[in-house]
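# Observations on the three-dimensional arrangement
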Amino acid sequence: MTPDPTSPQMTPRRLPKPSLQPSVFWRLAEDIPAPLYRRLMLVSVLVPLVAWWLLTTFGQVDAKFLPSPGQVATAALRLGQSGELWQDTWASLQRVGIGFGLSVLVAVPVGVLMGCFQSLRALGEPLFGLMRYMPAPAFIPLLILYLGIDEAPKIALIFIGTFFYNALMVMDTVKFVPKELIEATYMLGGNRINTVLKVVCPHILPGILDTCRINLAGAWQLVIVAELVAATEGLGRRISLAGRFLRTDEIFVGLIVIGLIGLGLDLFFQYLVRVTCRWAQPE
Amino acid sequence: MFLQVRELTKVFSTRHGPLLVLENINLSVAQGEFVCAVGASGSGKSTLLRQIAGLDQPTRGGVWIDGQRVTGPGADRGMVFQHYTLYPWMTVQQNVEFGLKLQGVPKRERRERARYYLQMVGLSHFTQALPRQLSGGMKQRVAIARALATEPRLLLLDEPFGALDLHTREMMHEFMLDLWQRMGLTVFMITHDVEEAVFLSTRIFALSARPGRIVREITVNLPDRSQGVMATKRHPRFHDYRDELVMLLRQTGQAAQRRAMAMAA
Ligand SMILES: Nc1ncnc2c1ncn2[C@@H]1O[C@H](COP(=O)(O)OP(=O)(O)O)[C@@H](O)[C@H]1O
Ligand SMILES: [Mg+2]
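Below or above, wherever it landed, is the structure these notes cover. (Residues numbered from 1 in each chain as written. Chains lettered and ligands numbered in written order. Predicted model: local features only at pLDDT ≥ 70, side-chain atom pairs only at ≥ 80, totals over all residues. Heavy atoms only, no water.)

### A short note on the packing of aromatic side chains
In this description, an aromatic ring pair is defined by two values, namely the gap between the centres and the angle between the planes. To keep it simple, the criterion reads: Pairing of aromatic rings covers Phe, Tyr and the six-membered ring of Trp, with a centre-to-centre limit of 6.5 Å; geometry is then stacked below 30 degrees between planes, edge-to-face above 60, and tilted otherwise. Helix and strand labels come from DSSP, where a helix needs a run of H or I of at least four residues and a strand needs a run of E of at least two; each type is numbered from the N terminus. Burial here depends on accessible area, computed with a 1.4 Å probe over protein chains only, as a share of the maximum for the residue type. Under 20% is buried, over 50% is exposed, and the range in between is partly exposed. Both a distance and an angle decide whether a charge sits over a ring: NZ of Lys or CZ of Arg must be within 6 Å of the ring centre and within 35 degrees of the ring normal.
Summed over the entire model, instances satisfying the criterion amount to 13 aromatic pairs over all chains. An angle of 10° between the planes, with centres 5.3 Å apart, marks the rings of F159(A) and F163(A) as stacked. With F159(A) and F163(A) both in helix α6 (residues 151-174) and four residues apart, the pair spans about one turn of that helix. The class for F159(A) is partly exposed, based on a relative accessible area of 25%. Pairing Y87(B) with W89(B) gives two aromatic rings, centres 5.7 Å apart and planes at 45°, and the pair type is tilted. W89(B) shares its class with Y87(B); the two are buried. An aromatic cluster is present here, built from F128(A), F159(A), F163(A) and F164(A) joined pairwise through their rings. Above the ring of W64(B), the side-chain terminus of R6(B) is found at 4.3 Å from the ring centroid.

### Quick notes on the side chain of Q51(B)
Residues and elements named next belong to chain B. The criterion, for reference: Nitrogen and oxygen atoms within 3.5 Å of one another constitute a polar contact, given that in protein one can donate a hydrogen and the other can accept it, and given that sequence-neighbouring residues count only through two side-chain atoms. The contact criterion used is simple: two residues touch if any of their non-hydrogen atoms lie within 4.5 Å.
You can see Q51 is positioned in helix α1 (residues 45-53). A polar contact of 3.0 Å, which involves the side chain of Q51, links it to the backbone oxygen of T47. For Q51, the contacting residues outside a window of four places in its chain are L8, K10, D56, Q57, P58, V63 and V70.

### Re the site of ligand 1
Residues and elements named next belong to chain B. Worth spelling out the cut-off: Consider each residue's heavy atoms; a residue with any of them within 4 Å of a molecule or strand counts as near. Per-residue accessibility takes into account occlusion by the displayed protein chains alone, with areas from the Shrake-Rupley method and a 1.4 Å probe. Any residue that is not Ala, Val, Leu, Ile, Met, Phe, Trp, Tyr, Cys, Pro, Asp, Glu, Lys or Arg is counted as polar, Gly included; the first ten are nonpolar and the last four charged.
Around ligand 1, a shell composed of F12, T14, L19, V21, A40, S41, G42, S43, G44, K45, S46 and T47 is seen. Between G42 and ligand 1, the recorded distance is 2.7 Å, taken from a backbone N or O atom to an oxygen atom. At a separation of 3.1 Å, an oxygen atom of ligand 1 approaches a polar backbone atom of G44. The fraction of the free accessible surface of ligand 1 (560 Å²) that becomes covered by protein chains is 61%. Among the secondary structure elements, those contributing two or more residues to the shell around ligand 1 are β1 (3-14), β2 (17-29) and α1. The leading source of residues in the shell around ligand 1 is α1, at three residues. Residue composition of the shell around ligand 1, by class: four nonpolar, seven polar and one charged.

### Quick word on the nonpolar core
Operational definition: The definition of a nonpolar core used throughout is a set of buried Ala, Val, Leu, Ile, Met, Phe, Trp, Tyr and Cys residues joined through side-chain atoms within 4.5 Å.
Counting 54 residues, the largest nonpolar core has I144(B), M176(B) and I204(B) as the members making the most contacts within it. By residue number, the principal contributor to this core is helix α4 (residues 136-149) of chain B, which donates eight residues. Residues contacting I144(B), with those up to four places away along its chain left out, are V80(B), V121(B), F161(B), M172(B), F175(B), M176(B) and L179(B). With 42 residues, the next largest nonpolar core counts A136(A), V200(A), I224(A) and V257(A) among its residues.

### Some words on the interface of chain A and chain B
The test is simple: Summed over both partners, buried area is the accessible surface (1.4 Å probe) that two parts give up on being assembled. A side-chain nitrogen of Lys or Arg and a carboxyl oxygen of Asp or Glu constitute a salt bridge if their distance falls within 4 Å.
The interface of chain A with chain B comprises 21 residues on the first partner and 24 residues on the second. In this assembly, chain A packs against chain B so that about 2000 Å² is buried in total across both faces, 67% of it on carbon and sulfur atoms. The largest share of the area that chain A buries against chain B comes from M187(A), L188(A) and W279(A), three residues that together contribute 39% of it. Its salt-bridge partner being R50(B), residue E183(A) comes within 2.7 Å of it at the nearest N-O pair. Seen at the junction of chain A and chain B, the total is five residue pairs in polar contact (both at pLDDT 80 or more). Listing elements by their share of the side of chain A that touches chain B, those giving two or more residues are α7 (179-187) and α8 (192-229) of chain A. Ranked by residue count, the leading element in the side of chain A that touches chain B is α7(A), at eight residues. In terms of residue class, the side of chain A that touches chain B is made up of nine nonpolar, six polar and six charged.

### Considering the pattern of salt bridges
All chains considered together, the criterion is met by 30 salt bridges over all chains. Between R95(A) and E151(A) there is a salt bridge, with its nearest N and O atoms 2.8 Å apart. Highlighted residues: R95(A) in helix α3 (residues 84-116) and E151(A) in helix α6, separated in sequence by 56 residues. Given the relative accessible area of 3%, R95(A) is considered buried. D243(B) is paired through a salt bridge with R242(B); the nearest N and O atoms lie 3.4 Å apart. Linked by salt bridges that have partners in common, R78(A), E84(A), D88(A), R238(A), R247(A), D249(A) and E250(A) make up one network.

See the structure below:
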């Protein structure tokens, strides 16, 4: 029996609509073309800027509430020329550098040890986990009581506020060291010290740098908080002073500088990971 | 005998109670032999190798090398793992040197010895590459060179070619056989691949499924294998060995399944 060409089975059926439509913008977990990426990034910066400019130029907004981009630029120039801006920036940076530097210096060995040895983790994790959830600014009265109102309490605030996060996050990076890599080291004659220093540490270096990058944002917030409370100089101090005298343009200068420095530090750490850990980069 | 495993039993304690993985394993390997243990996956092959490596301690019985009881891992046994275990931040050269570095071998000697073993595994041109730039077969050859560089007396292989495609795997078999002959190595390898075991070994131990017990020992007698995989695989005795082992593993697998179902019922 030959099949009947007119039977319903033989007529070409229309393909159903594909369940996945092609798209450039909506590529899920995939790269989009580089030029599009750059253009979108530009949009993300320009749109708020233009909106700000339009609002202050054509809207009836009191400059005491929202100064125009031009006014903020003038204020920045003024503060820059008088040297106050540099002084404040330097003071804040120094506090972050010392406080966060000390925090990293202590937290990395502690985190590595807690990650490597379950015994040490059991000793440290409950306390650290609890301390992490105590907001660091809540320690300010105590710190002032113990350490006075100079640099010490500000540095201590940054230390307390970042140490536990740093330690616990470094500890977590050790989990990603394959057990077989450690056992391979034992089979090559490595003891525990060798294995921690020469295998675990290099393996988690990208993770450590990434931890620093993320928690630096926290340190940068804490220094501003500390300076809002008590300081003679610093970007936080500049903002609170400007607020008291209704110099909204200077508040904006302070906020923008804080944001830019934070972004700069973030990019710096990203760069550091890229150059020191080429092996961990995607191809 | 050089390597001796005597009355080795391994029980893991799990959440569902004790799990008997290896039961009364007895085997020995003489110097210069290439011995394989074959078994289905889950039959405790890796567990057995880990006891010999000293990475884990047996529940009963023990492992002796040259009359000395194994109590922990050490560079006198070189090990190659199933998964890639090269240090990803080190170059090929640095990977191979690493064991020597741990032993405090001076830099120049280290470099020369690493070069020698890299030449042995045919990777002289890749000394400065990072592991991620290598193919799977090349990675395992580096791992073999790294394990050999400290000049272990026994080479332990845990399904080192299991993750490779068929073609690469056969190339690695020829390479491994050649290396074993040239260097006079003593090798103990575990695998689930029966053909791999028959092609490479002088002797084979077959492990039953769950718990692992040695159900047969076969001395492999094949003509000169340096003719390559294809020639050897055409030999009638190759088929006899292979069929015997396949049947055996199938039987023990079915028996284990029946036991498991009886337990569940
Ligand atoms: N550390 C462990 N704890 C509990 N069970 C384990 C452990 N290691 C292996 N097993 C169990 O022992 C059995 C044998 O494992 P393994 O030796 O890896 O088998 P193979 O290498 O032959 O595939 C498996 O059922 C596995 O789940
Ligand atoms: Mg295994």
